[in-house]
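Close look at the chain arrangement
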Amino acid sequence: MSGSRIVHRSIGADLPVAVEGSGVFIRDAAGKRYIDASGGAAVSCLGHGHPDILKAMRVQMDKLEYAHTSFFTTDVAEALADDLVRHAPPGIGRVYFVSGGSEAMEAALKLARQYFVERGEPQRTRFIARRQSYHGNTLGALAVGGHAGRREMFAPLLFEAHHIEPCYPYRHRRPEEEEEAYGRRAAAALEEKLVELGPETVIAFVAEPIVGATAGAVTSAPGYFKTIREICDRHGVLLILDEVMCGMGRSGTLHASEQEGIAPDIMTVAKGLGAGYQPIGAVLLAEQIFAAIAAGSGSFRHGHTYICHPIPCAAALAVQQVIRRGNLLDNVRRQGDRLQAGLEERFGNHAHVGEVRGRGLFRAIELVADRGSKAPFAPGVDLAGRIKRAAMARGLCVYSAQGTADGVSGDHVLIAPPFIVDGETIDTIVERLGDAVDAAIGEARERREFTSRCEAATGRQAV
Ligand SMILES: Cc1ncc(COP(=O)(O)O)c(C=O)c1O
């Protein structure tokens with residue numbers, strides 16, 4: 001759109017104007033219809049225009065649009081908190097509502113710090129997280145995040161966080177290594193870092209159970225998170241799980257950590273919580289953390305104008321009810337299996353797809369210049385951007401990103417359709433994505449960087 005006064009993500013990008021949404025579809029002002037196969041960034045988990053969510057918002061708007069939390073609480077925020085705690089991992093007893101994922105992470109980091117100060121351990125000041133992770137774009141969240149490309153510009157402003165290798169089987173498991181053995185080895189990096197820093201100086205370990213935006217639906221090796229939990233417990237360090245993208249049903253269970261058989265001390269959720277109907281995020285915390293603050297200073301030293309906003313809470317509560325009433329997590333698992341199978345069939349022998357992975361309706365393909373060496377495409381090729389544009393030209397929205405392999409190079413495409421998706425639409429998504437990937441690679445072949453990277457990887461002339 002020319003002449004826009006908005007600072008768009010990419011200045012100068014010619015974005016279509018979205019005018020209407022219904023189910024899995026978004027229509028633009030030119031009348032073109034797109035399958036929203038990633039819900040933006042794994043947000044729109046119920047698709048667009050769901051009548052029950054719109055109704056719940058209207059009912060709340062007619063009653064009360066806003067009340068500041070230093071004066072009042074509201075029934076709707078209390079009901080949502082009760083609902084989330086009822087379905088939370090063991091030990092979680094309280095909830096703190098914010099307006100999105102980065103805010104949830106900021107609150108989680110401050111909460112964890114305050115917990116230790118209240119307990120008389122103020123020397124705990126450090127966070128350990130993982131490379132290639134993403135925890136948000138505000139300064140605190142960016143500081144713990146481990147994505148080199150996203151951090152670079154702001155590095156001088158970020159507090160020092162400590163990063164270990166991610167658990168990334170496709171790239172880091174040794175050829176002969178059993179999956180479990182790799183999981184133990186990857187988790188051992190946390191113990192080593194704790195010993196190096198002095199465990200008594202560390203507040204928490206922060207991780208996404210399934211790495212989303214920065215690596216593309218990377219699930220950990222079996223046993224990895226169990227070992228992580230044990231290490232945290234052994235050293236009295238909190239475990240903060242960031243389920244902003246992978247949580248709230250996206251992986252086939254309400255929380256992704258359920259499938260790892262562990263419970264966090266603090267968990268953040270956002271995107272799927274409000275399903276895009278309203279901006280909302282939440283921090284779920286262990287009762288023991290709440291109790292320490294309640295018995296200590298008596299207040300969490302934090303707050304924003306819009307925490308516990310009643311309309312996002314009404315939307316999020318209705319989202320939870322719709323998911324349960326329709327047994328939608330069954331559909332997430334069923335269609336997720338179909339999506340995985342479809343992607344494997346389409347890309348299993350593709351020269352430039354290294355892996356198809358993920359859980360539930362949170363799947364990805366990782367693109368490589370060469371399958372044998374797993375060498376990524378050169379960043380200048382912008383394969384992720386080319387795939388996104390080629391997909392949109394074919395009426396498909398998918399979330400593609402760069403930096404998969406090491407924070408700078410590597411490309412992946414995330415597919416995260418709504419929980420209401422049917423099998424036929426899944427097949428169409430796979431078909432259009434297949435065409436888009438081939439078209440984008442065809443275009444990229446014309447670029448010099450593509451060829452040189454292939455040759456470097458294989459030692460022979462590129463195709
Ligand atoms: C795992 C994770 N944490 C935090 C965030 C930040 O959320 P938001 O963009 O709502 O601030 C994101 C966003 O992509 C995310 O994927």
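So, a few notes on the structure that sits alongside this text. Computed from a predicted structure; not experimentally measured.

Assignment of secondary structure puts Arg357 in strand 13 (residues 353-359). Residue classification places Arg357 among the buried residues on the basis of a relative accessible area of 6%. Of the polar contacts made by the side chain of Arg357, one reaches the backbone oxygen of Ala215; its length is 2.7 Å. Only 2.7 Å separates the side chain of Arg357 from the backbone oxygen of Gly216, close enough to count as a polar contact. Excluding residues within four positions of it along the chain, Arg357 makes contact with Tyr168, Tyr170, Ala215, Gly216, Ala217, Val218, Gln340, Phe362, Arg363, Ala364, Glu366 and Thr404.

So, on to the sheet that holds strand 13. In sheet architecture, strand pairing relies on hydrogen bonds along the backbone and comes in two forms, parallel and antiparallel. The strand order across the open sheet built from 4 strands is 13-14-17-16, with neighbouring strands paired in antiparallel fashion. Each edge of the open sheet carries a strand with a single partner, namely strand 13 and strand 16 (399-402). Neighbour to neighbour, the strand axes of the sheet diverge by 20 degrees on average, direction disregarded. One ladder, built from 5 bridges, connects strand 14 (residues 362-367) with strand 17 (residues 411-415); its direction is antiparallel. Bridge pairing in strand 17 links Ile365 to Val413. Running at roughly 175 degrees to strand 13, helix 13 (residues 328-347) makes contact with strand 13, strand 14 and strand 17 of the sheet.

In this structure the tally under the stated criterion is 5 aromatic pairs. Ring plane angle 70 degrees and centroid distance 6.0 Å describe the contact between Tyr66 and Tyr306, whose orientation is recorded as edge-to-face. Of this pair, Tyr66 sits in the loop between helix 2 (51-63) and helix 3 (75-86) while Tyr306 sits in the loop between helix 11 (287-295) and helix 12 (310-325), and the two are 240 residues apart along the sequence. Judged by centre distance (5.0 Å) and plane angle (85 degrees), the rings of Tyr224 and Phe225 are edge-to-face. Residues Tyr224 and Phe225 agree in their burial class; the two are buried. A cation over a ring is seen here: Arg33 above Phe25, with NZ or CZ 3.7 Å from the ring centre. The aromatic ring of Tyr134 is capped on one face by Arg150, whose charged end is 4.3 Å from the ring centroid.

With that settled, consider the site of the ligand. The environment of the ligand is made up of Gly100, Gly101, Ser102, Tyr134, His135, Gly136, Glu208, Asp242, Val244, Met245 and Lys271. Here a nitrogen atom of the ligand sits 2.7 Å away from a polar atom, N or O, in the side chain of Asp242. Here Lys271 contributes a side-chain N or O atom positioned 2.8 Å from an oxygen atom of the ligand. Here the shell around the ligand is composed, by residue class, of 3 nonpolar, 5 polar and 3 charged.

The subject of this paragraph is the packing of helix 3 against helix 12. Taken N-terminus to C-terminus, the directions of helix 3 and helix 12 make an angle of 40 degrees; their axes are 8 Å apart at the nearest point. One finds that helix 3 runs oblique with respect to helix 12. Crossing handedness for the pair helix 3 and helix 12: left-handed. Of the residues in helix 12, those in contact with Val76, Ala77, Ala79, Leu80 and Asp83 of helix 3 are Pro310, Cys313, Ala314, Ala316, Leu317, Gln320 and Arg324. For the contact of helix 3 with helix 12, the residue count by class is 9 nonpolar, 1 polar and 2 charged.

So, about the pairing of strand 5 (residues 126-130). The buried fraction of strand 5 amounts to 4 of the 5 residues, a majority that puts the element mostly inside the structure. Sheet topology note: the strand 5/strand 7 (residues 202-207) ladder contains 3 bridges and is parallel. In the sheet register, Phe127 faces strand 7, and the bridge partner there is Ala204. Of the pairings in the sheet, the one linking strand 5 to strand 6 (residues 162-164) comprises 3 bridges and is parallel in character. The residue bridging Arg130 from the neighbouring strand is Ile164, located in strand 6.

Let us look at the sheet that holds strand 11 (residues 266-269). Taken together, 7 strands build an open sheet; the order of strands is 4-12-11-10-7-5-6 and the sheet is mixed. Two strands lie at the open edges of the sheet, namely strand 4 (92-98) and strand 6, each paired on one side alone. Adjacent strand axes in the sheet meet at a mean angle of 20 degrees when their direction is disregarded. Sheet strands in contact with helix 4 (residues 101-118) are strand 4, strand 5, strand 7, strand 10 (238-243), strand 11 and strand 12 (281-286), and its direction is about 170 degrees off that of strand 10.

Turning our eyes to something else, we now look at unusual backbone geometry. Even without glycine at this site, Ala217 takes up a positive phi of about 50 degrees. Here Ala217 is to be found in the loop between strand 8 (210-211) and strand 9 (218-219). Judged by its relative accessible area of 0%, Ala217 is buried. At Lys374, a position not held by glycine, the phi torsion is positive, near 65 degrees. Following the sequence through the fold, Lys374 ends up in the loop between strand 14 and helix 14 (383-393).

Below, the discussion takes up the pattern of salt bridges. Where side chains of opposite charge bring their charged atoms close, a pairing between them can arise. Inspection of the entire model under this criterion finds 21 salt bridges. Salt-bridge contacts for Lys193 lead to Glu196; the nearest nitrogen and oxygen are separated by 3.5 Å. Here Glu196 and Lys193 lie together in helix 8 (residues 179-197), a separation of 3 residues that amounts to about one turn. Connected through shared salt-bridge partners, Arg171, Glu355, Arg357 and Glu366 make up one network.

Take the packing of helix 2 against helix 12 next. Running from amino to carboxyl end, helix 2 crosses helix 12 at an angle of 145 degrees, the nearest separation of the two axes being 8 Å. As for the relative orientation of helix 2 and helix 12, their crossing is right-handed in sense. Between helix 2 and helix 12, the residues in contact are Asp52, Ile53, Ala56, Met57, Gln60 and Met61 and Pro310, Ile311, Ala314, Ala315, Ala318, Val319, Val322 and Arg325, respectively.

About the thresholds
Residues numbered from 1 in each chain as written. Predicted model: local features only at pLDDT ≥ 70, side-chain atom pairs only at ≥ 80, totals over all residues. Heavy atoms only, no water. Helix = DSSP H or I, 4+ residues; strand = E, 2+ residues; numbered from the N terminus. Buried < 20%, exposed > 50% of the residue type's maximum accessible area, 1.4 Å probe, protein only. Polar contact = N/O pair within 3.5 Å; in protein donor to acceptor, adjacent residues only side chain to side chain. Contact = heavy atoms within 4.5 Å. Pairing = 2+ DSSP bridges. Axes fitted to C-alpha atoms, helices over the stretch in contact; angles between N-to-C directions. Phe/Tyr/Trp six-rings, centres within 6.5 Å; stacked < 30°, edge-to-face > 60°. Lys NZ or Arg CZ within 6 Å of the ring centre and 35° of its normal. Near = heavy atom within 4 Å. Nonpolar A, V, L, I, M, F, W, Y, C, P; charged D, E, K, R; others polar. Parallel < 35°, antiparallel > 145°, perpendicular 65-115°, else oblique. Left-handed = near helix turned anticlockwise from the far one by under 90°. Salt bridge = Lys/Arg side-chain N within 4 Å of Asp/Glu carboxyl O.

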